[in-house]
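# Results of the structural survey
These are the residues of each chain, in order.
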Amino acid sequence: QVQVVESGGGLVQAGGSLRLTCTASGLTFGAYGMGWFRQAPGKEREGVSCISWSDDSTYYADSVKGRFTISRDNVKNTLYLEMSSLKPEDTAMYYCAATYRVYLIDWSCRNPGHGVAYWGQGTQVTVSS
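Definitions and cut-offs
Residues numbered from 1 in each chain as written. Predicted model: local features only at pLDDT ≥ 70, side-chain atom pairs only at ≥ 80, totals over all residues. Heavy atoms only, no water. Phe/Tyr/Trp six-rings, centres within 6.5 Å; stacked < 30°, edge-to-face > 60°. Helix = DSSP H or I, 4+ residues; strand = E, 2+ residues; numbered from the N terminus. Lys NZ or Arg CZ within 6 Å of the ring centre and 35° of its normal. Core = buried A, V, L, I, M, F, W, Y, C linked by side-chain atoms within 4.5 Å. Buried < 20%, exposed > 50% of the residue type's maximum accessible area, 1.4 Å probe, protein only. Salt bridge = Lys/Arg side-chain N within 4 Å of Asp/Glu carboxyl O. Disulfide = S-S within 2.5 Å. Pairing = 2+ DSSP bridges. Contact = heavy atoms within 4.5 Å.

Turning next to the packing of aromatic side chains. Inspection of the entire model under this criterion finds 5 aromatic pairs. Ring geometry for Tyr-95 and Trp-119: centres 6.2 Å apart, planes at 85°, overall edge-to-face. Residue Tyr-95 is located in strand β9 (residues 92-100), and its partner Trp-119 is located in strand β10 (residues 116-119); the two are separated by 24 residues in the primary sequence. Joined through ring pairs, the aromatic side chains of Phe-37, Tyr-95 and Trp-119 make up one cluster. Above the face of the Tyr-95 ring, Arg-45 is positioned so that its terminal group lies 3.8 Å from the ring centre.

This brings us to the nonpolar core. Formed by 35 residues in total, the largest nonpolar core has its most connected members in Met-34, Trp-36, Phe-68, Leu-79, Leu-81, Met-83 and Tyr-94. Sorting elements by how many residues they give to this core places β9 first, with 5 residues.

Inspection of every chain in the model, using the stated rule, returns 5 salt bridges. Of the charged contacts in the structure, one is a salt bridge between Arg-38 and Glu-46, with a shortest N-O distance of 2.9 Å. The class for Arg-38 is buried, based on a relative accessible area of 6%. Taken together, the salt bridges that share partners define one network made up of Arg-38, Glu-46, Arg-67 and Asp-90.

This part covers the state of the cysteines. Inspection of every chain in the model, using the stated rule, returns 2 disulfides. The residue that forms a disulfide with Cys-22 is Cys-96, at a sulfur-sulfur distance of 2.0 Å. Between Cys-22 and Cys-96, the S-S dihedral sits near -80°, and the bridge is therefore left-handed. Of the two residues, Cys-22 is situated in strand β3 (residues 18-25) and Cys-96 in strand β9; the sequence distance between them amounts to 74 residues.

It is worth spelling out the pairing of strand β4 (residues 32-39) at this point. Burial analysis of β4 places 7 of its 8 residues in the buried class, the great majority of the element. Summarising the sheet, β4 and strand β5 (residues 46-51) pair through 5 bridges and their orientation is antiparallel. Looking across to β5, one finds that Trp-36 is bridged to Ser-49.

This part is about the side chain of Ser-108. Among the structural elements, Ser-108 can be located in helix α1 (residues 105-110). You can call Ser-108 buried: its relative accessible area is 0%. If sequence neighbours within four positions are ignored, Ser-108 has contacts with Phe-37, Thr-99, Tyr-100, Tyr-103 and Gly-115.

In C-alpha coordinates, the structure reads:
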(Lines give C-alpha, C1' and ligand atoms only; values in the text may rest on other atoms or scores of the structure.)
Protein backbone atom coordinates (compact mmCIF):
# COMPACT_ATOMS: atom_id res chain seq x y z
CA GLN A 1 0.00 0.00 0.00
CA VAL A 2 2.76 2.40 0.97
CA GLN A 3 5.42 2.42 -1.71
CA VAL A 4 8.83 4.05 -1.50
CA VAL A 5 11.03 3.62 -4.56
CA GLU A 6 14.51 5.00 -5.16
CA SER A 7 16.64 5.13 -8.29
CA GLY A 8 19.74 6.78 -9.73
CA GLY A 9 22.51 4.72 -8.20
CA GLY A 10 25.41 3.40 -10.21
CA LEU A 11 29.16 3.26 -10.61
CA VAL A 12 31.08 6.53 -10.58
CA GLN A 13 34.70 7.56 -10.23
CA ALA A 14 35.92 9.40 -7.16
CA GLY A 15 35.19 13.09 -7.50
CA GLY A 16 32.17 12.45 -9.67
CA SER A 17 28.50 13.13 -9.11
CA LEU A 18 25.22 11.26 -8.94
CA ARG A 19 21.61 12.23 -8.39
CA LEU A 20 19.33 9.91 -6.48
CA THR A 21 15.57 10.12 -6.85
CA CYS A 22 12.86 8.76 -4.57
CA THR A 23 9.13 8.64 -5.11
CA ALA A 24 6.63 7.88 -2.38
CA SER A 25 3.00 6.89 -2.68
CA GLY A 26 0.26 5.96 -0.24
CA LEU A 27 1.50 8.38 2.42
CA THR A 28 -0.75 10.84 4.21
CA PHE A 29 0.17 14.37 3.18
CA GLY A 30 2.24 16.15 5.79
CA ALA A 31 2.48 13.13 8.07
CA TYR A 32 6.09 12.23 7.32
CA GLY A 33 9.49 13.64 6.69
CA MET A 34 11.77 12.01 4.14
CA GLY A 35 15.38 10.98 4.20
CA TRP A 36 18.28 9.11 2.73
CA PHE A 37 20.13 6.39 4.62
CA ARG A 38 23.00 4.17 3.60
CA GLN A 39 24.55 0.90 4.65
CA ALA A 40 27.91 -0.52 3.68
CA PRO A 41 28.81 -4.20 4.20
CA GLY A 42 29.56 -4.91 7.85
CA LYS A 43 28.40 -1.50 9.00
CA GLU A 44 25.29 -0.10 10.64
CA ARG A 45 22.70 1.73 8.61
CA GLU A 46 23.24 5.45 9.01
CA GLY A 47 21.33 8.59 8.20
CA VAL A 48 22.87 10.58 5.37
CA SER A 49 20.43 13.44 4.93
CA CYS A 50 16.81 14.11 5.83
CA ILE A 51 14.27 16.83 5.16
CA SER A 52 10.96 17.83 6.71
CA TRP A 53 7.94 17.34 4.46
CA SER A 54 6.24 20.51 5.71
CA ASP A 55 9.13 22.98 5.73
CA ASP A 56 12.76 23.31 4.71
CA SER A 57 14.37 21.87 7.84
CA THR A 58 17.24 19.60 6.86
CA TYR A 59 19.87 17.39 8.41
CA TYR A 60 23.19 16.26 7.00
CA ALA A 61 25.67 13.78 8.39
CA ASP A 62 29.03 15.42 9.05
CA SER A 63 30.66 13.13 6.50
CA VAL A 64 28.59 14.52 3.62
CA LYS A 65 28.18 18.19 4.54
CA GLY A 66 29.19 20.45 1.70
CA ARG A 67 29.03 17.60 -0.82
CA PHE A 68 25.43 16.35 -0.75
CA THR A 69 22.23 18.35 -1.14
CA ILE A 70 18.76 17.08 -0.31
CA SER A 71 15.60 18.54 -1.82
CA ARG A 72 11.96 17.63 -2.27
CA ASP A 73 8.90 18.26 -4.38
CA ASN A 74 5.80 17.87 -2.22
CA VAL A 75 3.40 18.03 -5.15
CA LYS A 76 5.12 15.13 -6.88
CA ASN A 77 5.96 13.32 -3.62
CA THR A 78 9.51 13.15 -4.85
CA LEU A 79 12.79 13.35 -2.96
CA TYR A 80 16.23 14.01 -4.42
CA LEU A 81 19.81 13.69 -3.27
CA GLU A 82 22.45 15.50 -5.28
CA MET A 83 25.83 13.95 -4.54
CA SER A 84 29.07 15.55 -5.64
CA SER A 85 32.76 15.10 -4.91
CA LEU A 86 32.05 11.45 -4.24
CA LYS A 87 34.56 9.40 -2.31
CA PRO A 88 35.16 5.63 -2.16
CA GLU A 89 33.87 5.67 1.42
CA ASP A 90 30.50 6.81 0.08
CA THR A 91 30.08 3.36 -1.45
CA ALA A 92 26.96 1.79 0.03
CA MET A 93 23.39 0.77 -0.57
CA TYR A 94 21.34 3.94 -0.33
CA TYR A 95 17.81 3.77 1.01
CA CYS A 96 15.02 6.28 0.81
CA ALA A 97 12.68 6.37 3.78
CA ALA A 98 9.70 8.14 5.29
CA THR A 99 10.35 9.38 8.82
CA TYR A 100 7.92 9.94 11.66
CA ARG A 101 6.76 13.54 11.79
CA VAL A 102 6.30 13.42 15.56
CA TYR A 103 10.09 13.42 15.95
CA LEU A 104 12.45 16.21 15.00
CA ILE A 105 13.92 15.51 11.59
CA ASP A 106 17.45 15.50 13.00
CA TRP A 107 16.60 12.85 15.57
CA SER A 108 14.79 10.62 13.09
CA CYS A 109 17.73 10.79 10.70
CA ARG A 110 20.17 9.83 13.45
CA ASN A 111 17.98 7.00 14.73
CA PRO A 112 16.75 4.88 11.81
CA GLY A 113 15.70 2.10 14.17
CA HIS A 114 13.04 4.33 15.69
CA GLY A 115 12.55 7.32 13.42
CA VAL A 116 11.76 5.54 10.14
CA ALA A 117 8.25 4.42 9.25
CA TYR A 118 8.74 3.06 5.72
CA TRP A 119 11.77 1.94 3.72
CA GLY A 120 12.54 1.72 0.05
CA GLN A 121 14.38 -1.26 -1.45
CA GLY A 122 17.64 0.59 -1.97
CA THR A 123 19.86 1.65 -4.84
CA GLN A 124 23.55 0.81 -4.98
CA VAL A 125 26.14 3.56 -5.19
CA THR A 126 29.70 2.47 -5.92
CA VAL A 127 32.55 4.95 -6.04
CA SER A 128 35.82 3.77 -7.55
CA SER A 129 39.21 5.27 -6.79
